[in-house]
Amino acid sequence: MEKAVTFDPSGLGLPVEIGLIDKELGKLWESSDDTKTRASLINFVIHTGDPSSLKADTEIISTIAAKHACRAILIFSNPSAPAPAAQAWINAHCHQTGKGERQLCSEQITFRLDGESANALPNIVFSHLDTDLPLCLWWQGDLPEPLDETLWSWVDRLIYDSAKWSRPVHQLHLVRHLTVGSGKGTVLCDLNWTRLQPWRYALASLFDHSAAFPKLNQIDSINVELGNGSRISAMLLLGWFASQLNWTAANSGESQSLFRGRQGEGRPLDEFLSPDNRKISFAITESQNQERNAVLIRCGDSEFELSHAANAEFFEARIHIPETIDSRQILPFPRRNTTDTLLAELSRAGRHPLYTKSLEKILPLLRR
Amino acid sequence: MPTEPFQSNPLRDGLNLRSIPDPCSLIIFGASGDLTHRKLVPALYNLAADGALPQAISVVGFARRDKTSEVFRKELGEAVRKFSRQAVNDELWENFSNSITYHRSEFDNPEGYVSLARHLEELDAARGTRGNRLFYLAVAPDQFEVILENLRKSGLNTAAPGSWARVIVEKPFGTDLPSARRLNDLVESAFDESQTYRIDHYLGKETAQNIMVMRFANAIFEAMWNSRYIDHVQITASEPLGVEGRAGYYDKSGALRDMVQNHLLQLLCLTAMEPPAGLDADSIRDEKVKVLRSLRPLAGDEVFRHVVRAQYGAGAVNGKRVAAYRDELNVNPESNTETFVALEVNVDNWRWAGVPFFIRVGKRLPKGGTEIAVQFKSVPPVLFRATGETVDDNVLVIRIQPDEGISLRMCAKMPGSSLRIEPVKMDFHYGTSFGKATPEAYERLLLDAMSGDATLFARRDEVEEAWKFIDLIHEAWRTRSNDLAIYSAGSWGPSEADELIKRHEATWRRL
């Protein structure tokens, strides 16, 4: 039986006819006083299939707009609805700027697309974009299939969160297809990867010491302990190690599937091969109620460990190289909610070459 | 097949949009001074908090006062809390401050440098700083000689194979051409040019760096960036402050040496230079030097025609009465030092023939701000003449500080059935367009020096060419003093400055 959809339009602003959106937005500005200036530097589009997220998404847009003036479009699409229908709302998010004498305002247009109207998504999105400004599309949840070539070819930055996907392996393969298909100009922005950024910085810093970086040639094993449901995150970290250190997946296509392995055991799941054909084993331990996330790297007698206790503002870094270094340090761990992660992503221009390379390293290990 | 050993940390590759500098020791001479407390250490903390520094870093304060490393760290902790651009996290400071030590010595004591070398070797072993040394001379220029001489004698100026040694020199780079040459020779006796980083913090400002991007990454501007379309350029640096405890230095220096020789001529160079062959430090600096060499020299009577100097008298700034310059503490009551200078400068090359650059700098002006305003030529007075409407010229303003950004003034028709033309402004603000805080200039410059990127640092020939131009003006000033005008504190300078620009049928911009 179809799940009932609870849709609450309160907080979405003024309901308007779709054909009159531009006119109604114009009226909105005419009625405002001179201290308000409409500004837009990007088109920021959020697509969701979850009606309960609309309020939170509107709050996110409001926060984003304070830092990145934008034309925001929020789309709730419900293709399983029996009858086709399309509705729209408009509102504005204004923020004080400079010394407070002026307000910069961003517009938000919200659409609800039911039934067959959901297929009109590309048309609706493109006809309401601010001309000549980049399009950042945050697609919440699983990507649709088949991929709509027209839609993706217009997207400048596709934002998604691989940690939230219901079928991450399948979806990662789908994403890879985007990088070779018509959307190859599209920058892939995985919030899961952005969230791992502090881990990558901190892990790299463990090997800055002159006695430490030569050990990167001698890594025997990497153990990643993360909270339940974080396997893709762990895999992305491993993919990053593999791409930076030129490892290749051992027995690709033959190895036991990570996503069929049992959880919570920390046993070696698979192996990479170094350029000199040494085996590097890795293991991922997932556990529920994880109080501590950690990455432990062993290189012979030497150990490098980075750990983060739940809610802590710091990483703990431990380096042990016999007779050379035995140190413990703390490193900054910026705590980020979804909005912070999005802001970090939007503030970072350019592509994510390391992400693409890391993906290439782990995809052979991730069988559909 | 055995794997090649790594020469650096491969996990750092591609991690940042810019590379993390090599691990190194930063040795600050003059560690007890204001610059260290207000700028350098807060900048280092912010870099550490942003994850932009390598973990393997040591900061060594070298100064004469007797204190322990612990006391030094405590003092710096207080300064960082006061001057850091971001809120200080205690644990993070604690962690970063572990990299800071204090080394007490007189600057002229050779033993102090021998023990410094030992200390640095210990730090290399303990912290993995790999023998890389960055010496920061945050001291008065009269201390340079003894410090550089001792660095050379102790061998600290040369790095071990595979490591590097660099020196950062703070302005002023001399007080005239001979002293700048002496200073440069002195630095060169210990460090060659490729190891030398002369800091001009204006070049570390985001908007100054953006001048090149704006000019050379936007076809619409570069095509019009010449005497055919540009009427004149105004470069202004104004501040409401007086000498504020710098009287000893300022009274000997004056606005021309303090601001024009370095900061404002650098901004002029970035505005006027040709596209460089590449983005490497020397390609850019080659082009800047060409601009300096193209400056039409101002000498003899030409100086009095093209340069106005003035000093502030008593007045009011921001509603408060302020004293005249000559009544300020530690200022000679008969001082003829200029606190305001306005110049008309010509760049004699093909691009800029006939386009004057008006430079204006002053203290105790009504408002603080630094900007470059490019004033475009008027449209032919044909089409709209009959309407009686005034058509304002286009102005492109690059705001260096505060409220960094760019604005373009153009004309638009006012809505209505009649033809009325009004100026409108397209405005770009760094603060609102990019959702992240602008780093302090010292953060960028320290990071660049650690990374060996000298693009934003002045090269020897740049400094000396700038002095050549400035010295001629000073020579003329020495011949008479009756040209020094007095302006009221809180005004926009003397009327003579207005006359200067009026000859070009222009007026100074109101900031």
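Residues numbered from 1 in each chain as written. Chains lettered and ligands numbered in written order. Predicted model: local features only at pLDDT ≥ 70, side-chain atom pairs only at ≥ 80, totals over all residues. Heavy atoms only, no water.

Here the focus is the nonpolar core. In this structure, Phe29, Tyr136, Leu268 and Leu343 of chain B are the most contacted members of the largest nonpolar core, which totals 150 residues. With 13 residues, the top contributor of residues to this core is helix H9 (residues 247-272) of chain B. Looking at which domains feed residues into this core, each of domain 1 (10-170) and domain 2 (203-380 + 460-502) of chain B supplies at least three. In contact with phenylalanine 29 of chain B, not counting residues within four places along its chain, are Phe62, Phe107, Tyr113, Leu116, Phe135, Tyr136, Leu137, Ala138, Val139, Ile147 and Leu151 of chain B. Grouped together as the second largest cluster of nonpolar side chains are 86 residues, Ala88, Ile90, Leu216 and Leu306 of chain A included. (Core = buried A, V, L, I, M, F, W, Y, C linked by side-chain atoms within 4.5 Å. Buried < 20%, exposed > 50% of the residue type's maximum accessible area, 1.4 Å probe, protein only. Helix = DSSP H or I, 4+ residues; strand = E, 2+ residues; numbered from the N terminus. Domains from an automatic or database assignment. Contact = heavy atoms within 4.5 Å.)

Let us look at the environment of glycine 51 of chain B. Along the chain, the position of glycine 51 of chain B falls in the loop between helix H1 (34-49) and strand E2 (57-63). For glycine 51 of chain B, a relative accessible area of 19% translates into the label buried. Sequence separation of glycine 51 of chain B and alanine 316 of chain B is 265 residues, and the distance between their C-alpha atoms is 45 Å. Sequence-distant contacts of glycine 51 of chain B, defined by excluding residues within four places in its chain, comprise Tyr201 of chain A together with Ile20 of chain B.

Moving on to the pattern of salt bridges. Under the counting rule described, the total for this entry stands at 50 salt bridges over all chains. Ionic pairing is found between arginine 38 of chain B and aspartate 34 of chain B, a salt bridge with its closest N-O pair at 3.2 Å. Highlighted residues: arginine 38 of chain B and aspartate 34 of chain B, both in helix H1, separated by four residues, approximately one helical turn. Residue classification places aspartate 34 of chain B among the exposed positions, given a relative accessible area of 53%. With its nearest N and O atoms 2.9 Å apart, the salt bridge here joins arginine 85 of chain B to aspartate 50 of chain B. Residue arginine 85 of chain B is located in the loop between helix H2 (69-83) and helix H3 (90-97), and its partner aspartate 50 of chain B is located in the loop between H1 and E2; the two are separated by 35 residues in the primary sequence. Classification of arginine 85 of chain B by relative accessible area gives partly exposed; the value is 29%. Relative accessible area serves as the criterion here: at 42%, aspartate 50 of chain B is assigned to the partly exposed category. Look at the salt bridges and you will find they share partners, linking Arg292, Arg298, Glu303, Glu305 and Arg318 of chain A into a network. (Salt bridge = Lys/Arg side-chain N within 4 Å of Asp/Glu carboxyl O.)

Before going further, it helps to spend a moment on the domain arrangement of chain B. Per the domain assignment, the segments making up chain B are domain 1 (10-170) and domain 2 (203-380 + 460-502). On a C-alpha basis, the centroid separation for the pair domain 1 of chain B and domain 2 of chain B is 34 Å.

This brings us to the interface of chain A and chain B. Between chain A and chain B, the residue contacts involve 33 residues of the former and 38 residues of the latter. Between chain A and chain B we count one salt bridge in total. The shortest N-O distance in the salt bridge between aspartate 208 of chain A and arginine 12 of chain B comes to 2.6 Å. Between the two partners, chain A and chain B, sit 10 residue pairs in polar contact (both at pLDDT 80 or more). Broken down by secondary-structure element, the contributors of at least two residues to the side of chain A that touches chain B are helix H7 (197-205), helix H8 (231-244) and strand E17 (325-332) of chain A. (Polar contact = N/O pair within 3.5 Å; in protein donor to acceptor, adjacent residues only side chain to side chain.)

All names here are of chain A. Per the counting criterion, the structure on display carries one disulfide over all chains. Put simply, cysteine 94 and cysteine 105 are joined by a disulfide, and their sulfur atoms are 2.1 Å apart. Note on the cysteine 94 and cysteine 105 pair: the S-S dihedral is about 110 degrees, so by sign convention the disulfide is right-handed. Taken together, the residues cysteine 94 in strand E5 (residues 85-97) and cysteine 105 in strand E6 (residues 102-114) connect sequence positions 11 residues apart. Judged by its relative accessible area of 28%, cysteine 94 is partly exposed. No disulfide involves cysteine 189; its sulfur sits 7.2 Å from the nearest other cysteine sulfur, which is in cysteine 136. (Disulfide = S-S within 2.5 Å.)

With that settled, consider unusual backbone geometry. That bond from lysine 171 of chain B to proline 172 of chain B is cis: its omega, 5 degrees, falls within 30 degrees of zero. Locating proline 172 of chain B in the fold gives a position in the loop between strand E5 (165-169) and helix H6 (177-190). Residue proline 402 of chain B is bonded to the preceding glutamine 401 of chain B through a cis peptide linkage, with omega at -15 degrees. Topologically, proline 402 of chain B is positioned in the loop between strand E14 (395-401) and strand E15 (405-413). Positive phi outside glycine occurs at asparagine 246 of chain A, with the angle close to 60 degrees. Note that asparagine 246 of chain A resides in the loop between H8 and strand E11 (248-249).

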